[in-house]
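Read off the chains here:
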Amino acid sequence: MSTDRILELSELWAGYGATPILQGVSMTISRGEIVGVIGRNGVGKSTLMRCLIGLLETWRGTITFMDQDVTQLPADARARAGFGYIPQGRDVFSQMSVEENLQVGELIGGPKGKKLPELVYEYFPRLKERRRQIAGTMSGGEQQQLAIGRALIGNPSLMILDEPSEGVQPSIVQHICEALKSFRTELGTTIVFVEQNLDTIMAIAERCYIMEKGKITRSLTGEDVTADNVRAQLLL
Ligand SMILES: Nc1ncnc2c1ncn2[C@@H]1O[C@H](COP(=O)(O)OP(=O)(O)OP(=O)(O)O)[C@@H](O)[C@H]1O
Ligand SMILES: [Mg+2]
């Protein structure tokens, strides 16, 4: 296996109850890439992310992460192995302060996770200003920064974000995009993100996988990652 490959999904099948949603999803991600997974509502993007992170059982197929078969590993073990996950809708602890949310990130990050709260505050100064504020009272964009910061505390090799721009005002989306690019450049973080927002995709995606009805039907690479092509795939 090539050493620059960090993640490989091979023919993944998964679903809910007896209903298959993912129907043979394959993809390969190299270290340090920023890759978008795009597609219309309900095609299975979030299901794919849940399967990847271990919150949903894989029926068939394999997930290989840093040359290790993680298909059967539970989510907490995958987190310790280097997965970081920011779910759709963010999911911060709304009754806890910013600071306390970040402390939970330290716990989730486990003994191998570097303690990075100061680094989080460098990328997201707004969180430092608001570190004693109760998370549930902050704006959508502030909560998204917190959710990303909490994942960053675990020092993930692979950060997985499910629609980071959803419900976030454009100026903060821009800031988040810059931060994600800095994680890659400065920390070497590989990033896979689900997104339907054209501006966000164009701002950060180096490659895109297109998902339709539980399958990856094509990909856009290099100079094919244009606004027109992406828009056509999203069928806006
Ligand atoms: N917990 C669940 N139980 C049963 N079915 C589910 C569950 N979660 C999602 N589904 C179904 O799986 C399919 C794919 O949903 P999923 O959330 O993965 O789509 P998505 O591409 O992320 O959509 P969106 O763009 O709206 O976020 C949908 O038909 C959805 O109704
Ligand atoms: Mg979704």
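Scroll up for the structure.
Residues numbered from 1 in each chain as written. Chains lettered and ligands numbered in written order. Predicted model: local features only at pLDDT ≥ 70, side-chain atom pairs only at ≥ 80, totals over all residues.

Engineer: Describe the overall build of the protein, naming the residues involved and giving the relevant values.
Structural biologist: Looking only at helices and strands, the protein has nine helices and 10 strands in total. Radius of gyration (C-alpha) of the protein: 17 Å, near the 18 Å computed for a compact globule of 236 residues. Residue burial in the protein is summarised as follows: out of 236 residues, 42% are buried. A fraction of 72% describes how many contacts in the protein between residues 6 or more apart in sequence connect residues 24 or more apart. (Helix = DSSP H or I, 4+ residues; strand = E, 2+ residues; numbered from the N terminus. Rg over C-alpha atoms; globule rule 2.2 N^0.38 Å. Buried ≥ 20, exposed ≤ 12 C-beta atoms within 10 Å, placed from the backbone. Contact = placed C-beta atoms within 7 Å.)

Engineer: Could you give an account of the sheet that holds strand S1 (residues 5-16), with specific residues and numbers?
Structural biologist: Spatially, S2-S1-S4-S5 is the arrangement adopted by the four strands of the open sheet, whose pairing is antiparallel. Here the strands that pair on one side only, and so sit at the sheet edges, are strand S2 (19-30) and strand S5 (68-69). When strand S4 (residues 60-65) meets S5, the two strands line up antiparallel, connected through two bridges. Looking at the pairing, threonine 64 lines up with aspartate 69 of S5. Those strands touched by helix H1 (residues 45-53) are S1, S2 and S4, and its axis lies near 70° from that of S2. (Pairing = 2+ DSSP bridges. Axes fitted to C-alpha atoms, helices over the stretch in contact; angles between N-to-C directions.)

Engineer: Tell me about the packing of helix H6 (residues 140-153) against helix H7 (residues 170-187), residues and numbers included.
Structural biologist: Interaxial distance between H6 and H7 falls to 10 Å at its minimum, and their mutual angle equals 15°. Considering their axes alone, H6 and H7 lie roughly parallel with respect to each other. In this structure, H6 crosses over H7, and the sense of that crossing is right-handed. Contact with H6, carried on its side by Gly141, Gln144, Gln145, Ile148 and Leu152, involves Ile172, Ile176 and Phe183 of H7 and no other residues of that element. (Parallel < 35°, antiparallel > 145°, perpendicular 65-115°, else oblique. Left-handed = near helix turned anticlockwise from the far one by under 90°.)

Engineer: Lay out the environment of glycine 44 with the relevant residues and their values.
Structural biologist: Among the secondary structure elements, glycine 44 is positioned in the loop between strand S3 (34-38) and H1. Separated by 108 residues in the primary sequence, glycine 44 and leucine 152 place their C-alpha atoms 25 Å from one another. Apart from the residues within four sequence positions on either side, glycine 44 is in contact with Ile21, Leu22, Met211 and Gly214.

Engineer: An account of H6 is requested, with residue identities and associated values reported.
Structural biologist: Helix length check: H6, at 14 residues, gives a terminal C-alpha distance of 20 Å against a target of 20 Å (1.5 Å per residue), a fit within 8%. H6 sits mainly inside the fold: 13 of its 14 residues count as buried. With its phi angle positive at about 50°, asparagine 155 sits one or two positions after the end of H6. (Expected span 1.5 Å × (residues − 1).)

Engineer: For the sheet that holds strand S8 (residues 190-194), give the residues involved together with the corresponding values.
Structural biologist: What the six strands build is an open sheet, ordered S6-S7-S8-S3-S9-S10; its pairing is mixed. Looking at the sheet topology across the chains shown, the edges are occupied by strand S6 (83-86) and strand S10 (215-221). In this sheet, adjacent strand axes meet at a mean angle of 20° when their direction is disregarded. Bridge count for strand S9 (residues 207-212) against S10 is six bridges, and the pairing is antiparallel. Looking across to S10, one finds that tyrosine 209 is bridged to serine 219.

Engineer: Tell me about H1, and name the residues and values.
Structural biologist: Extensive coverage of H1 is indicated by the burial of eight of its nine residues. Restricting attention to buried positions, one finds in H1 the residues Lys45, Thr47, Leu48, Met49, Arg50, Cys51, Leu52 and Ile53. Positioned one or two residues after H1, glycine 54 has a phi angle of 95°, which is positive.

Note that all results are geometric; they support no functional claim without further evidence.
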